[in-house]
2 protein chains.
Amino acid sequence: MKRAEKKGHLVDVAIEMFNRYGYHAVGVDSIIAEAGVAKTTLYRHFETKELLIAAALQKMDEQFRVDLRTFSADASTDPLGQLFASFDFLESWFSAATFYGCPFIKAAGEYNDTNQIFQEVILHKRLIIAYFEELIRAAGLANPEQLAEEINLLHEGAIALAQVTRDASVAQKAKAVARKILIP
Amino acid sequence: MKRAEKKGHLVDVAIEMFNRYGYHAVGVDSIIAEAGVAKTTLYRHFETKELLIAAALQKMDEQFRVDLRTFSADASTDPLGQLFASFDFLESWFSAATFYGCPFIKAAGEYNDTNQIFQEVILHKRLIIAYFEELIRAAGLANPEQLAEEINLLHEGAIALAQVTRDASVAQKAKAVARKILIP
DNA sequence: TTAAATCTATACCGATCTGTATCGTTAGTC
DNA sequence: GACTAACGATACAGATCGGTATAGATTTAA
């Protein structure tokens, strides 16, 4: 592995473990052991564990939004179709073996007072809503702000329910509600 | 304080701290210090920390469902009105200073592999859905199972969003969506 | 009043936590 | 090929983790 890839690999390993066990539950010793890296190396790239968590959230945010856009674009050329496809994206996410609930809500639940981490969560959610609003405007629907928030509401609900029920079909149920909202 | 009340007080203190900081983040030493109780006392009532968490979840489940039923009954005599009132209940919860997101989703995020805790979460969510279904049946609406799941979807979404945005008005937005679903 | 149960206080256990220090080795760059 | 920066390995620091042991004080129930 090249030097430049080490930092990225470290974050990838951290992401996987944080998602599975939670942020406090995973110690840096476990991460370096899993990544096959010395402790000194980790702390050269990230001053503190919280900064590693922040970096993990940033990477997940980017990955999630890119993957969502790609998935929707592949599913439909129509903006409204892309908005509906976002629920299919959720379904595929829920079906993955690596799904353990929303890593951002999880982070907000464990670090609601540390600004560094909480701000990353807020930023991510804002960007997701912005994407929904973008699609709704492109579709020419009325009240794009309000509708985007409502779609986001359904997304968050589906993610939380899927985490508990471990049933990927909640994504389609949320999609059905979205249909009622968007196509009156 | 009477002896019998000590266990209850211990759970109350634990609930407050778990909600605020998370489950892993709060150690038993912090709990006993805040409760003004010796460590031996805690471990006489609860064999392990996980059992204390399970007890906290049980108490929160009962409190939440009783409070929800009471709030809805006070708000309306009509089952459909009570169902809508459940979103007002959420709003008052979100407005409280002690709101730090859903303690059950938080627990599921930190202990998704320990059955003891995760099962409490599943049970709570099932009982909430059952209550929604009960109201919908009383209202004489069609597809009560499906509608109950959709209302629950909106509840979960509102809770998750309120945790991040710290804006209690998302409850009313969820209520507006519920209106679109229930009154076509 | 007496005996059993529950309490407080404290010290302790081994493990783990985040983070640092040291040092020899490996790799990329000029 | 030499310089330099990043690496691995290890030991260590001080704090905290969940949980136990012990002993004395206090309360409850017979």
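Anyway, here's the lowdown on the structure attached to this text. (Residues numbered from 1 in each chain as written. Chains lettered and ligands numbered in written order. Predicted model: local features only at pLDDT ≥ 70, side-chain atom pairs only at ≥ 80, totals over all residues. Heavy atoms only, no water.)

**Topic: the protein's contact with DNA strand D**
Working step 1: Lining the immediate environment of DNA strand D, one finds 19 residues, of which A:Thr40, A:Thr41, B:Val28, B:Lys39 and B:Lys49 sit closest.
Working step 2: Counting only atoms of DNA strand D within 4 Å of the protein, the fraction found in sugar and phosphate groups is 63%.
Working step 3: A:Thr41 places a polar side-chain atom, nitrogen or oxygen, 2.3 Å from a phosphate oxygen of DNA strand D.
Working step 4: At a separation of 2.4 Å, a base oxygen of DNA strand D approaches a polar side-chain atom of B:Lys39.
Working step 5: At the level of secondary structure, the elements contributing two or more residues to the surface near DNA strand D comprise helix H1 (3-21) and helix H3 (39-45) of chain A together with helix H2 (28-35) and helix H3 (39-45) of chain B.
Working step 6: With 4 residues, the single largest contributor to the surface near DNA strand D is H3(A).
Working step 7: Tallied by class, the residues present in the surface near DNA strand D amount to 5 nonpolar, 7 polar and 7 charged. (Near = heavy atom within 4 Å. Polar contact = N/O pair within 3.5 Å; in protein donor to acceptor, adjacent residues only side chain to side chain. Helix = DSSP H or I, 4+ residues; strand = E, 2+ residues; numbered from the N terminus. Nonpolar A, V, L, I, M, F, W, Y, C, P; charged D, E, K, R; others polar.)

**Some words on the relation of the copies chain A and chain B**
Working step 1: Overlaying chain A on chain B yields an RMSD of 0.0 Å, the required transformation being a rotation through 180 degrees with an accompanying axial translation of 0.0 Å. In the structure described here, the two chain copies are related by an operation that fits a two-fold rotation axis. Closest approach to the rotation axis within chain A is made by the C-alpha atom of A:Gly157, at a distance of 1.8 Å.
Working step 2: Mapped onto chain B, 100% of the interface residues of chain A are again interface residues, and the two copies thus contact each other with one and the same surface. (Least-squares fit on C-alpha atoms with pLDDT ≥ 70 in both. Contact = heavy atoms within 4.5 Å.)

**Side note on the environment of A:Lys59**
Residue and element names in this part refer to chain A.
Working step 1: The residue Lys 59 is located in helix H4 (residues 49-75) in this model.
Working step 2: Residues Lys 59 and Glu 5, spaced 54 residues apart in sequence, show a C-alpha to C-alpha distance of 14 Å.
Working step 3: In this view, Lys 59 contacts Gly 8, Val 11, Asp 12 and Ile 15; residues no more than four positions away in its chain are not counted.

**As for the packing of aromatic side chains**
Working step 1: Scanning all chains against the criterion turns up 18 aromatic pairs over all chains.
Working step 2: A ring pair is formed by A:Phe18 and A:Tyr23, whose centres lie 5.0 Å apart and whose planes are at 35 degrees; its orientation type is tilted.
Working step 3: Classification of A:Tyr23 as buried rests on a relative accessible area of 0%.
Working step 4: Residues B:Trp93 and B:Phe99 carry aromatic rings whose centres are separated by 4.9 Å and whose planes lie at 80 degrees to one another, so their mutual orientation is edge-to-face.
Working step 5: Residue B:Trp93 is classed as buried on the basis of its relative accessible area of 19%.
Working step 6: For B:Phe99, a relative accessible area of 6% puts it in the buried group. (Phe/Tyr/Trp six-rings, centres within 6.5 Å; stacked < 30°, edge-to-face > 60°. Buried < 20%, exposed > 50% of the residue type's maximum accessible area, 1.4 Å probe, protein only.)

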